[in-house]
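Below are the chains, spelled out letter by letter.
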Amino acid sequence: MKCLTSEEMRQVDMLAFNAYHMPGEVLMENAGRAIVEAMVQDLIKSDRIVVVVGPGNNGGDGFVVARELKNRGYMVTVIQTVTNDKISGEANVHLNVMQRFNVDIIYDFPDAVQYIHEATVIIDALFGTGYTGPMREPMHGYVALMNDARAPIYSIDVPSGVSETIGSMSAVVKATKTVTIEAPKVTAYIEQTAPYYGELTIVSIGLPTRELDKISRTIWQVCHVKQTLKKRERFGHKGTYGHVLLIGGSVDMPGAIQLSARGALKSGAGLVSVMTEQAARPFLQLPHEVMYRSHDELTPQLLSNYQAIAVGMGFGLTDEKLALFYQILKTEVPLLIDADGLTLLARDISRLKERQGPTILTPHPKEFARLTGFSVDVIKNDPFTLTKAFAQEHGVYLVLKGTHTIISSPRGEQVINTTGNSALSKGGSGDILSGIACVRIMQDETVLAGLCNAVYLHGYASDIAVREDFTAFDITPTDVVDSLSKAYRTFIENPA
Ligand SMILES: NC(=O)C1=CN([C@@H]2O[C@H](COP(=O)(O)OP(=O)(O)OC[C@H]3O[C@@H](n4cnc5c(N)ncnc54)[C@H](OP(=O)(O)O)[C@@H]3O)[C@@H](O)[C@H]2O)[C@@H](O)CC1
Ligand SMILES: [K+]
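Worth saying up front: this structure is predicted, and the values here are computed from it rather than measured.

1. Remarks on the UniProt feature "domain: YjeF C-terminal" (unreviewed entry) in the protein
Inference 1: UniProt records the feature "domain: YjeF C-terminal" (unreviewed entry) for residues 221-491 in the present numbering.
Inference 2: When the span residues 221-491 is considered, its composition is 43% helix and 13% strand, and the gap between its end C-alpha atoms is 12 Å.

Right, dumping it as structure tokens:
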């Protein structure tokens, strides 16, 4: 499934009209009827439904919804926030049709106050993807009325007032459920705007999939994992599945690298090696399957023996570590840089130019802020643009960790992950992900697919664990690793 910006949605809409000759009225009809289908199971005939419509095509969808509900025998009133002469194009066509179905329309704000207050269901068709903030009066008042009402709010396409220009947002409808047209919009996955959506449902209106498929921003789903996850081969041996080297773990922080090793072991690596400073060795409790190396042994030739390397988890930040880090950067083996590795990299990001093999950076917003010089707020307000630009400029795979982790490739592709829950917001989760990711990039179809699968499976394992055995409070990152078995099993037992 694709995820679009408002501008991309507008372009697909235009192509549907210009190149495919799909009339706008038909798309609006499809939208309105699909939205009714998506919400009708929540409605009862005694509901007092109000549809709050704005001046654009989102309001036009609202007219179709109101007419269709009335036709099905529901009690519907339209609150029209602008006069008829302000409504044009397809929306005007559907206003005229709706009027012939005798749907009541309220124009005055004082009347609207009472209707919205007494409603049992509110349908928000004030603004869609054509909105640009800040909100002009009197629309503020309608948004406040809806948000203050007791009734659940169903937003059409997007919660009205939501915008990709986060800084310009002034009033936003807080939806109970949002029924989105054709594909989710990026605001459904941005931390600042996602909570306004409530539950997200997607309906198809028949836009050409050939055009939608050209969008390079994808939501990673079960089908993608099934297509790209490397199968275990009957005649495979440990060499088939690759040897991963995890470099980190200092005297002060010996735990991180052990978690990475666990993640790698439980994800099907052929061999797992851990490398730490010699002094940290007595503090390590490595599983029997894991081999050990000390930093003193590090040479380019040694590094070339591995199929994937991760550096940074509990690594330390001393000058000695920096020198070692620069040495590691020279390897041509796929290299994942996390935690302290990212902090060291931030001291001289131009070093990335030296990289020959694939490079993967896995920052959380604060680490990404260090790498870019942007503030965390700026990053959180525009994560898609900033991560895409960074990945392309520096030729890296970038995994920006968050509620919806965004994976960007050097070629400009972006993938959004939707698995996972607050159980992962704990120290150690990132270390585990590094271990899983190293294995997946060694084995899966492409580096990008491997990273997406790693993030997906890690999140999925935590979802299963929280659903079946733990709560988000008591679960530990180690418990999440143990649930990886169940996550992998899902894809083995139900292959594509
Ligand atoms: N994708 C598709 O194929 C299909 C999409 N469809 C639907 O169309 C929706 C997009 O429709 P849209 O482009 O007409 O924009 P929409 O959000 O209704 O608002 C535009 C109006 O709002 C006004 N306005 C803007 N900012 C404002 C502000 N700050 N304060 C106050 N007013 C403001 C603006 O006024 P203007 O700035 O022009 O003066 C204009 O009048 C989309 O979300 C989906 O629901 C379907 O019908 C089927 C096919
Ligand atoms: K809306």
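2. Digging into the site of ligand 1
Inference 1: Taken together, the neighbourhood of ligand 1 is formed by 22 residues, with Asn58, Asp61, Gly128, Thr132 and Asp157 sitting nearest.
Inference 2: A distance of 3.0 Å separates an oxygen atom of ligand 1 from a polar backbone atom of Gly130.
Inference 3: At 2.6 Å, a side-chain N or O of Asp157 approaches an oxygen atom of ligand 1.
Inference 4: For ligand 1, whose accessible area on its own is 950 Å², the fraction buried by protein is 78%.
Inference 5: Sort the elements by how many residues they give to the shell around ligand 1 and helix H3 (residues 57-71) lands first, with 3 residues.

3. Considering the pattern of salt bridges
Inference 1: All told, the structure shown has 21 salt bridges when counted by the stated rule.
Inference 2: Notably, a salt bridge pairs Arg217 with Glu8, separated by 2.9 Å at the nearest N-O pair. You can see Arg217 sitting in strand S8 (residues 217-219) and its partner Glu8 sitting in helix H1 (residues 6-18), a full 209 residues away along the chain.
Inference 3: Notably, a salt bridge pairs Lys321 with Glu277, separated by 2.7 Å at the nearest N-O pair. With Lys321 in helix H11 (residues 319-329) and Glu277 in the loop between strand S10 (271-276) and strand S11 (290-294), the pair connects residues that are 44 residues apart, well separated along the chain.
Inference 4: The class of Lys321 is buried, set by a relative accessible area of 5%.

4. Here's the deal with the sheet that holds strand S2 (residues 75-80)
Backbone hydrogen bonds hold the strands of a sheet together, and the pairing may be parallel or antiparallel.
Inference 1: The strand order S3-S2-S1-S4-S5-S6-S7 describes an open sheet built from 7 strands, whose pairing is parallel. Two strands lie at the open edges of the sheet, namely strand S3 (104-106) and strand S7 (199-203), each paired on one side alone. Here the strands of the sheet are splayed against their neighbours by 20 degrees on average, with no regard to which way each runs.
Inference 2: Pairing geometry for strand S4 (residues 121-125) and strand S5 (residues 153-156), over 3 bridges, is parallel.

5. Let's talk about the pairing of S5
Inference 1: Burial along S5 is two-sided: Ile153 and Ser155 and Tyr154 and Ile156, pointing in opposite directions, are all buried.
Inference 2: In this fold, the crossover linking S4 to S5 by way of helix H6 (residues 139-148) has right-handed handedness.
Inference 3: Where S5 lies against strand S6 (residues 177-181), 3 bridges are found, and the strand directions are parallel. Bridge pairing in S6 links Ser155 to Thr178.

6. As for the domain arrangement of the protein
Inference 1: Domain annotation of the protein identifies domain 1 (6-214) and domain 2 (222-493).
Inference 2: Once you take the C-alpha centre of each, domain 1 and domain 2 turn out to be 41 Å apart.
Inference 3: On the side of domain 2, 7 residues touch domain 1, which itself brings 8 residues to the contact.
Inference 4: Approximately 750 Å² of surface area, both sides summed, lies buried where domain 1 meets domain 2, with 60% of it carried by carbon and sulfur atoms.
Inference 5: If you look at where domain 1 meets domain 2, you find 1 salt bridge.

7. Side note on the nonpolar core
Inference 1: If you look at the biggest cluster of nonpolar residues, it comprises 67 residues, and the most contacted ones within it are Val51, Leu69, Val78, Ile122 and Ile123.
Inference 2: Among residues more than four places away in sequence, those in contact with Val51 are Gly62, Ala66, Val76, Thr77, Val78, Ile79, Ile123 and Ala125.
Inference 3: Formed by 54 residues, the second largest nonpolar core is a distinct cluster that contains Ala261, Ile432, Val455 and Tyr460.

Criteria and cut-off values
Residues numbered from 1 in each chain as written. Chains lettered and ligands numbered in written order. Predicted model: local features only at pLDDT ≥ 70, side-chain atom pairs only at ≥ 80, totals over all residues. Heavy atoms only, no water. UniProt positions renumbered as here; feature names shortened; annotations may be inferred. Helix = DSSP H or I, 4+ residues; strand = E, 2+ residues; numbered from the N terminus. Near = heavy atom within 4 Å. Polar contact = N/O pair within 3.5 Å; in protein donor to acceptor, adjacent residues only side chain to side chain. Areas by Shrake-Rupley, 256 points an atom, 1.4 Å probe, with all protein chains shown as cover. Salt bridge = Lys/Arg side-chain N within 4 Å of Asp/Glu carboxyl O. Buried < 20%, exposed > 50% of the residue type's maximum accessible area, 1.4 Å probe, protein only. Pairing = 2+ DSSP bridges. Axes fitted to C-alpha atoms, helices over the stretch in contact; angles between N-to-C directions. Right-handed = clockwise from strand over helix to strand, strands pointing away. Domains from an automatic or database assignment. Contact = heavy atoms within 4.5 Å. Buried area = accessible area lost by both parts, 1.4 Å probe. Core = buried A, V, L, I, M, F, W, Y, C linked by side-chain atoms within 4.5 Å.

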